[in-house]
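# Notes for the structure review
If you want the building blocks of each chain, they are given just below.
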Amino acid sequence: GENVEQHPSTLSVQEGDSAVIKCTYSDSASNYFPWYKQELGKRPQLIIDIRSNVGEKKDQRIAVTLNKTAKHFSLHITETQPEDSAVYFCAASEGNTPLVFGKGTRLSVIA
Amino acid sequence: ETGVTQTPRHLVMGMTNKKSLKCEQHLGHNAMYWYKQSAKKPLELMFVYNFKEQTENNSVPSRFSPECPNSSHLFLHLHTLQPEDSALYLCASSQGQEGAYEQYFGPGTRLTVT
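Residues numbered from 1 in each chain as written. Chains lettered and ligands numbered in written order. Predicted model: local features only at pLDDT ≥ 70, side-chain atom pairs only at ≥ 80, totals over all residues. Heavy atoms only, no water.

### A word on the state of the cysteines
Covalent bonding between the sulfur atoms of two cysteines is what defines a disulfide. Residues and elements named next belong to chain A. The condition that has to hold: Cysteine sulfur atoms are paired as a disulfide whenever they fall within 2.5 Å. Elements are defined by DSSP. Helices are runs of H or I of four residues or more, strands are runs of E of two residues or more, and each kind is numbered from the N terminus. Burial classification: accessible surface area is computed with a 1.4 Å probe over protein chains only, and a residue below 20% of its type maximum counts as buried, one above 50% as exposed, and the rest as partly exposed.
Scanning the model with the defined rule gives 2 disulfides over all chains in all. Bridging Cys 23 to Cys 90, the disulfide has an S-S length of 2.0 Å. On the sign convention where negative means left-handed, the S-S torsion of about -100° between Cys 23 and Cys 90 marks this disulfide as left-handed. You can see Cys 23 sitting in strand β3 (residues 19-25) and its partner Cys 90 sitting in strand β9 (residues 86-92), a full 67 residues away along the chain. Judged by relative accessible area, Cys 90 falls into the buried class, the value being 0%.

Here it is in structure tokens:
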């Protein structure tokens, strides 16, 4: 089955700097790659996703890139703000099976 | 955020108790999920139901027993739990069980087993 590895497990950045979180997956058939954000004490929520027919997707300050050959995808957050502090989870699925989540990255944005 | 609700929000139970967690979704989704969230395994899938039928049981001990009477409601019955079962239990729903749909999570039930 699918296995998703996520790095780093913790990340601290200065406000205004960029943050990058990377994930690798094992199943070459996976074609859907969402990212969820979980703020402290709150539920995980989808922030962006990408499908295997595109290499990059942007939504304001966040972007996701996908390299199918290398089987890895990354979340990029630019101009970080304190409200970006949260745990971020990547996930992967080949479409017919439930999502497999990474172990999460705790991002701290220092003002 | 009232799309997916869970009750109770907090639960403390002894190892010999029997309790149930409840989840309800108001989004018209067909699939519902139970996840266990702990420090060791941040988002561990337990069960998946699609159109009321269980389609995934991720090697969960029998002391956890799910029930899905209809597409809007999901229960997790608990009995003779162990202290290591203390965790946040999250319910989620999605349009379909396939992994290509966004999952909407509930607020979770914080379970403490004493």
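### Digging into the confidence of the model for chain B
Our working definition: The score called pLDDT rates the predictor's confidence residue by residue, from a low of 0 to a high of 100.
The predicted model of chain B has a mean per-residue pLDDT of 92, with 99% of residues at 70 or higher. Within chain B, the lowest mean pLDDT, 80, falls on strand β6 (residues 53-57) of chain B, and the highest, 98, falls on strand β1 (residues 4-7) of chain B.

### Focus: the pairing of strand β7 (residues 62-67) of chain A
All names here are of chain A. Quick reminder of the rule: Any two strands with at least two DSSP bridges between them are considered paired.
Two strands pair when backbone bridges link them, and strand β6 (residues 56-59) and β7 are joined in this way by 4 bridges, in the antiparallel orientation. Looking at the pairing, Asp 59 lines up with Ile 62 of β7. Between β6 and β7, which pair antiparallel and follow one another directly, the connecting turn spans 2 residues, one of which, Gln 60, has a positive phi of 60°. Sheet topology note: the β7/strand β8 (residues 72-77) ladder contains 6 bridges and is antiparallel. Within β8, the residue paired with Ala 63 across the bridge is His 76. In textbook terms, the turn of a hairpin is the stretch between consecutive antiparallel strands, and for β7 and β8 this stretch comprises 4 residues, one of which, Lys 71, has a positive phi near 55°.

### Regarding the pattern of salt bridges
All names here are of chain B. The test is simple: The working definition used for a salt bridge is a side-chain nitrogen of Lys or Arg within 4 Å of a carboxyl oxygen of Asp or Glu.
All told, the structure shown has 4 salt bridges over all chains when counted by the stated rule. In this structure, the salt-bridge partner of Asp 85 is Arg 63, at a minimum N-O distance of 2.7 Å. Taken together, the residues Asp 85 in the loop between β8 (73-79) and β9 (87-94) and Arg 63 in the loop between β6 and β7 (64-70) connect sequence positions 22 residues apart. Residues Asp 85 and Arg 63 agree in their burial class; the two are buried.

### Structural notes on the sheet that holds β8(A)
Residues and elements named next belong to chain A. So the rule is basically this: The axes used here are C-alpha line fits, helices contributing only the stretch in contact, and every angle between their N-to-C directions lies in the interval 0 to 180 degrees.
On the basis of which strands lie adjacent, the open sheet formed by 5 strands has the order β1-β3-β8-β7-β6 and antiparallel pairing. Both outer strands of the open sheet, β1 (4-7) and β6, are each paired with one neighbouring strand and no more. Averaged over all pairs of adjacent strands, the angle between strand axes in this sheet comes to 15°, irrespective of strand direction. As paired elements, β1 and β3 share 4 bridges and run antiparallel to each other. Considered in β3, the bridge of His 7 is made with Lys 22.

### Brief notes about the packing of aromatic side chains
Here is the rule we go by: A pair of Phe, Tyr and Trp rings is counted when the ring centres sit within 6.5 Å of each other, with Trp represented by its six-membered ring. The angle between the planes then sorts it: under 30 degrees is stacked, over 60 is edge-to-face, the rest tilted.
Overall, the coordinates contain 11 aromatic pairs over all chains when judged by the stated rule. Measuring from centroid to centroid gives 4.9 Å for A:Phe33 and A:Phe73, while their planes differ by 50°, and the two rings are tilted. Here A:Phe33 is found in strand β4 (residues 32-38), whereas its partner A:Phe73 is found in strand β8, with 40 residues between them in sequence. As far as the burial class goes, A:Phe33 and A:Phe73 line up, both buried. An angle of 45° between the planes, with centres 5.5 Å apart, marks the rings of B:Tyr35 and B:Phe105 as tilted. With a gap of 70 residues between them, B:Tyr35 in strand β4 (residues 31-37) and B:Phe105 in strand β10 (residues 104-105) connect regions that are remote in the sequence.

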